[in-house]
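# Results of the structural survey
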Amino acid sequence: MLKYFPLNKSTVTLKLPVFLAVILLLYSCNPAKYVPAESTLLAKSDVKIDNNKVRKSDIEPYIKQQPNKKIFGARFYLGLYNLSNIEKDRWPHGWLRDIGEEPVIYDPFSAGKSTEQLENYLFSKGYFNAEVSTDVFSRKQKTDVTYRIRTNEAYRIRDVIYDIKDENIRSLFFMDTINCLIKDNMIYDVDVMQKERVRLERFIKDLGFYSFSRDHIHFEVDSTVGQKQVDIYYEVRKFLRYSDNSRVVETDHQRYRLNNIYIYTSYDPRESLDRGDAYLEKQDTTYYKGYYFISDKEKHSVKPDVILQSLYIDPGDLYQLTNMEKSRDHLNSLQTFRLVNIGYNNPGITEGWDHSEKPLDCIVNLTPVVSQEYRIELEGTNSAGNLGGAVNLVYQNKNLFRGAERLNIKLKGAYEALPEQTTGSGSLQEYGFESSLTLPRFLLPFLEKESFIKKYNPKTVINAAYNYQKMPFYTRTVANASFGYNWKDGRFTKHSVNPLQMNLVKLPFIDPAYEQRIDTSSYLAFSYKDVFLLGGNYVYVFNNQNIKKSRDYWYIKTTGELAGNVMSLAYRAMGVGRSQDGSYEAFGQTFAQYVKADIDLRYNRTLNDVSSIVYRAFAGLGVPYGNSRAMPFEKQYFSGGANSIRAWQVRSLGPGSYTPVDSTFFNVTADVKLEFNVEYRFKLFWKLDGALFLDAGNIWTFYEDEDRPGAQFKMDKFYRDMALGTGAGLRFDLNFVVLRADLGMKLRDPQLPDKPRWIIQRRKMNFRNDFTLNISIGYPF
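In this report, the structure presented in the accompanying data block is examined. Starting from 1, residues in each chain are numbered consecutively following that chain's sequence as written. The predicted nature of this model means local features are confined to residues of pLDDT at least 70 and side-chain atom pairs, given and counted, to a pLDDT of 80 or more, with totals for whole chains, interfaces and linings taken over all residues. Excluding hydrogens and water, the side-chain values take into account all heavy atoms of the structure.

Here we take up the overall build of the protein chain. When its secondary structure is counted, the protein chain shows 18 helices and 32 strands. The principal-axis extent of the C-alpha atoms belonging to the protein chain is close to 100 × 80 × 55 Å. The buried share among the 781 residues of the protein chain stands at 46%. Counting every atom, the protein chain has about 41000 Å² of accessible surface; 54% of that belongs to carbon and sulfur. Helical segments are the DSSP runs of H or I of at least four residues, strand segments are the runs of E of at least two, and each set is numbered from the N terminus. Exposure is judged per residue with a 1.4 Å probe applied to protein chains only, and the accessible area is read against the type maximum: over 50% gives exposed, under 20% gives buried, and values in between give partly exposed. Reported accessibility uses the Shrake-Rupley method at a 1.4 Å probe radius. Residues are deemed covered only where the shown protein chains occlude them.

Now for the sheet that holds strand 4 (residues 142–150). The three strands are arranged 2-4-3 in an open sheet whose pairing can be described as mixed. Taken across any chain shown, the strands that pair with only one partner, and hence form the sheet edges, are strand 2 (41–49) and strand 3 (131–139). For this sheet the average axis-to-axis angle between neighbouring strands, irrespective of direction, equals 15°. Judged from the eight bridges that link them, strand 2 and strand 4 form a sheet pairing that is parallel. Bridge assignment links Leu 41 to a residue of strand 4, and that residue is Lys 142. Being paired, for any two strands, means DSSP has found at least two bridges between them. Orientation is described by axes fitted as lines to C-alpha atoms, over the contacting stretch for helices, and by angles from 0 to 180 degrees between their N-to-C directions.

Moving on, we get to helix 16 (residues 565–574). Among the residues of helix 16, Met 567, Ser 568 and Tyr 571 are the ones counted as buried. Seen along its axis, helix 16 keeps its buried residues to an arc of 100°; they face one direction. For helix 16, the exposed residues set more than 90 degrees away from the buried face come down to Val 566, Leu 569 and Ala 573. In this analysis, two residues are considered to be in contact whenever any of their non-hydrogen atoms come within 4.5 Å of each other. Against the buried residues of helix 16 lie strand 22 (531–543) and strand 24 (585–586). Just downstream of helix 16, Gly 575 is the residue with a positive phi angle, here 70°. For this quantity, the arc is that covered by the directions from the helix axis to the C-beta atoms.

Let's shift gears to a nonpolar patch on the surface. In this analysis, a patch consists of residues with relative accessible area above 30% that form no salt bridge, clustered at 9 Å for like charges and at 5 Å for the nonpolar side chains Val, Leu, Ile, Met, Phe, Trp and Tyr. Salt bridge, as used here: a side-chain nitrogen of Lys or Arg that lies within 4 Å of a carboxyl oxygen of Asp or Glu. Among the surface-exposed residues, Ile 376, Leu 378, Val 391, Leu 393, Ile 409, Leu 411, Phe 433 and Tyr 466 lie close enough to one another that they form a single nonpolar patch of about 750 Å² accessible area. Looking at the nonpolar patch, the elements that each hand over two or more residues are strand 15 (372–383), strand 16 (386–397) and strand 17 (406–417). Within the element layout of this structure, Leu 378 appears in strand 15.

With respect to the element layout, His 253 can be found in the loop between strand 9 (248–251) and strand 10 (255–264). On the basis of relative accessible area, His 253 is assigned to the buried category, the value being 0%. In protein, a polar contact requires one atom able to donate a hydrogen and another able to accept it; more generally it is a pair of N or O atoms within 3.5 Å, and residues adjacent in sequence count only if both atoms are side-chain atoms. At 3.1 Å, the side chain of His 253 forms a polar contact with the backbone oxygen of Arg 237. Leave out the neighbours within four places in its chain, and His 253 touches Asp 166, Asn 168, Ile 169, Phe 209, Ser 211, Phe 212, His 216, Arg 237, Lys 238 and Phe 239.

The subject of this paragraph is the nonpolar core. Ranked by internal contacts, the top residues of the largest apolar core, which has 26 residues, are Ile 263, Ile 307, Leu 331 and Tyr 344. Of all the secondary-structure elements, those providing two or more residues to this core are strand 10, strand 12 (291–295), helix 10 (304–308), helix 11 (321–333), strand 13 (337–345) and strand 14 (357–368). The definition of a nonpolar core used throughout is a set of buried Ala, Val, Leu, Ile, Met, Phe, Trp, Tyr and Cys residues joined through side-chain atoms within 4.5 Å. Ranked by size, the runner-up nonpolar core spans 23 residues in total, among them Ile 157, Val 160, Ile 164 and Ile 204.

Time to look at the pattern of salt bridges. Taken as a whole, this structure holds 46 salt bridges when the rule is applied. A salt bridge links Lys 125 to Asp 191, with the shortest nitrogen-to-oxygen separation between them at 2.8 Å. Separated by 66 residues along the polypeptide, Lys 125 in the loop between helix 5 (108–124) and strand 3 and Asp 191 in helix 7 (residues 190–205) bring together distant segments of the chain. Classification of Lys 125 as buried rests on a relative accessible area of 17%. For Asp 191, a relative accessible area of 37% puts it in the partly exposed group. Residues Arg 199 and Glu 196 are paired through a salt bridge, measuring 2.9 Å at the closest nitrogen-oxygen approach. You can see Arg 199 and its partner Glu 196 sitting in helix 7, three residues apart, about one turn around the helix. In this structure, Arg 199 and Glu 196 share a single accessibility class: buried. By sharing partners, the salt bridges in this structure join Arg 646, Glu 679, Arg 681, Asp 695, Arg 731, Arg 740 and Asp 742 into a single network.

Have a look at this one:
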């Protein structure tokens, strides 16, 4: 649940935070407080490189000493440390030292070791004659260190000489030299050679050589050929084994072919470890489609056919590392097994087996999750006297028909006391249920082939929900159902298609005074009508974020949606008459017809291990036409709130430069949305992170609305309608959830009637009207 409320003078007390900030800044400005008199603080460490082919970011990790971390130029963590008394251990002194960072004392020995490491790194990159020098400048107990790098000319690879000793691998190796990462005339690079070892290992393993590893791949470098060139001797060695007389002998690598595949569908690793062979002996074995299914249960936890469609390995196939990894990932994606482990053993040569290849038995151990789960979710907030809470009763079945089907049912109820300054009085009450059924396949006859399922890992998703909302001014019910498909296309790309979406929206009650208010705009009047929606959408998501690695990443989401076209064509073809207002009706109410598309771009740039900056851009457009004069209310865009322009309350900004007569109307929506956000995130201490942000954007109508002048989007003036807000926030990262509080401040308000629209040029800042505190869960984007 989210809370948004403007601030008044009693809400924010600036004296204490400002006082602490000043004290912290003073200590940060005296960083040498705990530096011994005979030592100096490492204030700066820099690298100067004369070659733009060597990136500074690649060099810096090899410098052993780095100065204390900074946030906006101040040594924040050192300041926390300096706030403590190092002669005292009781709170808060010990705590401040734990969350802070002790001063980094300049160490000449570490600087010398850094120089050696930089030379070694450059040598590994082909700069055999690189020169690294160190400039040290000390003053007032502070030392600046600059590492100056002169790379000189890099050594290049003149020739690659292959020495493939293994007869079985030689011909296969030369079939794939086009993909070799080591090329003639390229700069010598140890990292490229290591990547080549990994590449060749996978290539050879995928051809059946189970026992082959990168340890059999060796490189020798001859740098005596002159003219700053080297020759690379690329050697693939034979397999080493013990002979009958216990001597180590070299033999050719042999291929392995899968013999039997054993699938334990209810494997219990703890019981197997405790009971050993006795656990395996009590299992029952079923032979099905060439596979051995083993379980101690009366029925397998998951139907064998569902498991087989997730396996990329078959009896009689050559061993392939890639297919084993695909099988493991696909089985994990079913979300029905807590553990998935795939192993191999060599049963020895059996009668009738081709002695040119070795047999390999595959053992697939599957540990099921608990199939059914009940839980109660409680949510609540209490901010500035505004109470809100929600209760969700959730039931989940992760293997409904023993086919890895996932059923989710949620019953929910929510209550929120709305602030008087926005509604006068009253509350929001919400009740309803949500249900979804996910099937690990496409429910389409021509796409049910096993090859398609294995390639794209598709899922069919069926949703149904009903929601009852009681607002101070109106009551609304929303019933919806959808049928669609999800599938993956590579590691980072997901697709979702919902060819069938149905929404039935009714407003059984509207307060007469509120109805009179919205009737002042024909757009709003049509937005608050009962409506039936029949359409579909497509969603594309690209996300190359790697949770295990801290690096830059992109998130791109595009959505396209159509509604009402099929029904409109069908009604016209059948000659169905129109209602009195000139529209077609279905189930006694007008059906919606529109097209909608939007794109959400996010780029996360990691600056260092304590800070990052996130950029976001959003653009959306909805166009009602044909049977609709306005977009359905739930399909319209809004601005403001915890995940939008945070200086404005949710649904309070826009449209365009229109200035509403009634400033208490906080339910503003429109057809067009532009939004741009920049957020600088940094770690503070303990589980507390900080953020500074800048938000810009607005919403507009697509068609001109005579009742709301200035609301229409126009290419020659939309930039003048952009709202601008800034602010700061705190994030409490509790590992399983992030609690967020953002304080937004208005800078430019497009709804001000006359220029200038920069608030600081018009009047003094007002806490009640120009600041908004948003309390929420999770990051804004």
